[in-house]
Every structure is written in C-alpha cells, then in structure tokens.
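Letter by letter, the chains look like this.
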Amino acid sequence: MTAAPLAAITAWLDDYLRIDGVPDHPNAVNGLQVENSGSILRLVAAVDASLATINGLRRGDLLLTHHGMLWDGNRPVTGRRYARIKALLDADAALYSAHRPLDLHPAVGNNILLARGLGVEVTEPFGLHQGVPIGVRGPLAIDRAELVARVGALLQVSPMLIPGGPRTVARIAVVSGAAGGMVLEARNAGCDTLLTGEGAHHTYFDAMEWGVNLLYAGHYATETLGVKALAEKTAQEFALPWEFHDHPTGL
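Owing to the predicted nature of the structure, the values given are computational and were not obtained by experimental measurement.

Examining the side chain of glutamate 223
Part 1 of the argument: Positionally, glutamate 223 belongs in the loop between helix H9 (219-222) and helix H10 (224-238).
Part 2 of the argument: Here glutamate 223 sits buried without a salt bridge, and the closest side chain of opposite charge, arginine 100, lies 5.8 Å off (N-O distance).
Part 3 of the argument: Here the side chain of glutamate 223 touches histidine 67 through a polar contact of 3.1 Å, side chain to side chain.
Part 4 of the argument: Setting aside chain neighbours within four positions, we find glutamate 223 in contact with Val47, His66, His67, Asp103, Asn110, Ser176 and Gly177.

A look at helix H3 (residues 79-91)
Part 1 of the argument: Here H3 is 13 residues long and its end C-alpha atoms lie 18 Å apart, about the 18 Å a rise of 1.5 Å per residue gives.
Part 2 of the argument: Every buried residue of H3 is accounted for by Arg81, Arg84, Ile85, Ala87, Leu88 and Ala91. All buried residues of H3 project into a common sector of 155° when viewed along the axis, lining one side. With respect to the buried face of H3, the exposed residues turned more than 90 degrees away are Gly79, Leu89 and Asp90.
Part 3 of the argument: Those residues of H3 hidden inside the fold are in contact with strand E2 (31-34), helix H2 (51-54) and strand E6 (94-97).
Part 4 of the argument: Among the residues trailing H3, aspartate 92 stands out with phi positive, at a value near 55°.

So, the sheet that holds strand E7 (residues 124-129)
Part 1 of the argument: On the basis of which strands lie adjacent, the open sheet formed by 6 strands has the order E7-E8-E10-E11-E12-E9 and mixed pairing. Each edge of the open sheet carries a strand with a single partner, namely E7 and strand E9 (160-163). This sheet shows a mean twist of 25° between the axes of neighbouring strands, independent of strand direction.
Part 2 of the argument: The pairing of E7 with strand E8 (residues 132-143) spans 5 bridges and is classified as antiparallel. Looking at E8, one finds that leucine 128 is bridged to proline 133.
Part 3 of the argument: Strands in contact with helix H8 (residues 203-210) are E9 and strand E12 (213-216); relative to E9, the strand with the most contacts, it is inclined by about 45°.

Points about the sheet that holds strand E13 (residues 242-244)
Part 1 of the argument: Read across the sheet, 5 strands follow the order E2-E6-E5-E4-E13 without closing on themselves; strand pairing throughout is mixed. Two strands lie at the open edges of the sheet, namely E2 and E13, each paired on one side alone. Mean inter-strand twist for the sheet, computed between neighbouring axes without regard to direction, equals 30°.

As for the nonpolar core
Part 1 of the argument: If you look at the biggest cluster of nonpolar residues, it comprises 27 residues, and the most contacted ones within it are Ile9, Leu13, Leu17, Ile40, Leu62, Tyr96 and Leu230.
Part 2 of the argument: Those elements that provide at least two residues to this core are helix H1 (6-16), strand E4 (42-48), strand E5 (61-67), E6 and H10.
Part 3 of the argument: Broken down by element, the residue count for this core peaks at 6 residues, all from H10.
Part 4 of the argument: Beyond its immediate chain neighbours, meaning those up to four positions away, tyrosine 96 contacts Thr10, Leu13, Asp14, Leu17, Ile19, Gly31, Leu32, Leu62, Leu63, Leu64 and Thr65.
Part 5 of the argument: With 20 residues, the next largest nonpolar core counts Leu147, Val148, Val151 and Val174 among its residues.

Procedures and definitions
Residues numbered from 1 in each chain as written. Predicted model: local features only at pLDDT ≥ 70, side-chain atom pairs only at ≥ 80, totals over all residues. Heavy atoms only, no water. Helix = DSSP H or I, 4+ residues; strand = E, 2+ residues; numbered from the N terminus. Buried < 20%, exposed > 50% of the residue type's maximum accessible area, 1.4 Å probe, protein only. Lys, Arg positive; Asp, Glu negative; His and termini not counted. Salt bridge = Lys/Arg side-chain N within 4 Å of Asp/Glu carboxyl O. Polar contact = N/O pair within 3.5 Å; in protein donor to acceptor, adjacent residues only side chain to side chain. Contact = heavy atoms within 4.5 Å. Expected span 1.5 Å × (residues − 1). Arc of directions from axis to C-beta. Pairing = 2+ DSSP bridges. Axes fitted to C-alpha atoms, helices over the stretch in contact; angles between N-to-C directions. Core = buried A, V, L, I, M, F, W, Y, C linked by side-chain atoms within 4.5 Å.

Next comes the structure, spelled out in structure tokens:
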C-alpha cells in the first residue's frame, strides 16, 4: 500500500482550506491536532473526533473531522481527553480538524454541497460569523413539502419543518449546524426559508412570527457532506484510499 507523508498532506490541507485565513472559535484549533509517526496509509472522514470514531482507526490512518477534540479548551490530559489521545497514539493515527473553514469552503464546504444537493442555484453568501459569510442563499422554486422530502432523501433523515413562511418556497438560505438563530437574518436577506441543523426553542416563534419556513435536518446530518468531499479530494491528491465512519447522534 502506498504511503504519503503526513507533513505533505497537512500542508496541502492548510492551504486548500485556508486554515489561517478563516476566523473561528479559539478552541476549534483548526488543522493538525494530533500527529502520528509521519506516514499516512488511509484517510478516514468523520463528523466528530469521538472515542467511537477513534476506536475504529488503524495504523497509518489520518482522521479528518469537522469537530475536533479540543473544544473544552486548555485542560489536563485526563479522563475522556486521555482516552481519545491514547487511542490515537496506540493506533499510530493522526487527527486533522476543520470547523469553520470546512463550512464555508466554495468547493467541499458543508453549505455549498447542501445547497447544490437540493438544486439551489447559489447566488450569494449568507450568514456572518466574526465578519465572514459562512452560509449560502439562492432561488429554489419548490413546494415546501417537496423540499422536506428532498432534504430527507439527501441526508437520510426525517427533517422537522416549522411552517412560518409560504407553501411555495422561492428563496432559501442554507447554513449547516446550529444556525436556527438566523431566522431574522434570513428574512432580511430576502429568503422565505432557512435550512439548518438545529436551534433553540424560541426559534419556533421566530419562524412563525417573522414569516420564514425553518427546516431542521439535524446538526450531525447537515455536516456529513463536507468531510466526505474533503476526504475524497485529499485522497485523489495523494493517491490514498478513504472511507467515511458514520456515528450519527440523532441531533
């Protein structure tokens, strides 16, 4: 089996994803989070750097995730963090994480892939995070019931619709993850529908009172497309095999 240098892969990923150019939460720690002995034999894509995912790795794997393992900040390597790091080191596997840089990437990003997978003609960015647009928007003439079915088929989930907007969708905003709080921003951007993963209780009333269809498809499900596309692109670049490890949360 052909091996590729970890250093070469991470340098390419850093450049391709613009890791240093996209603002994010400090604890996202985008980029290489745990290295291995230096050679990569296989790429594994996953949404989360959970212990269940890490336990499925083999020697020489590079795990590409959307949610890394350092979100709880500068903490001792004990308990859960110790278990995850030990499992990575025991397997001689590496971990690379891309959070916001993967959400907004124009080719392999969660949001562009979600929109295109639904047939949206993306015309503009949508949704600011730290001054940077993270989502997309565009026209999509479709009955909202058909949109729910289309989202369900694309992501293999049962989406929840809050029917605050018109029955016939005309313009949709798409932001993966937990963007339910962007209902008003969607309305102000001329969108009658917002597709995202999850949101707070009050977003029901936001959608109903501001006249926006709010479609929740699950935080996990809406962020599966990007890591798959990134792994496939990286695999092509370095002539490596890749696979997706699916650990859905139902959320």
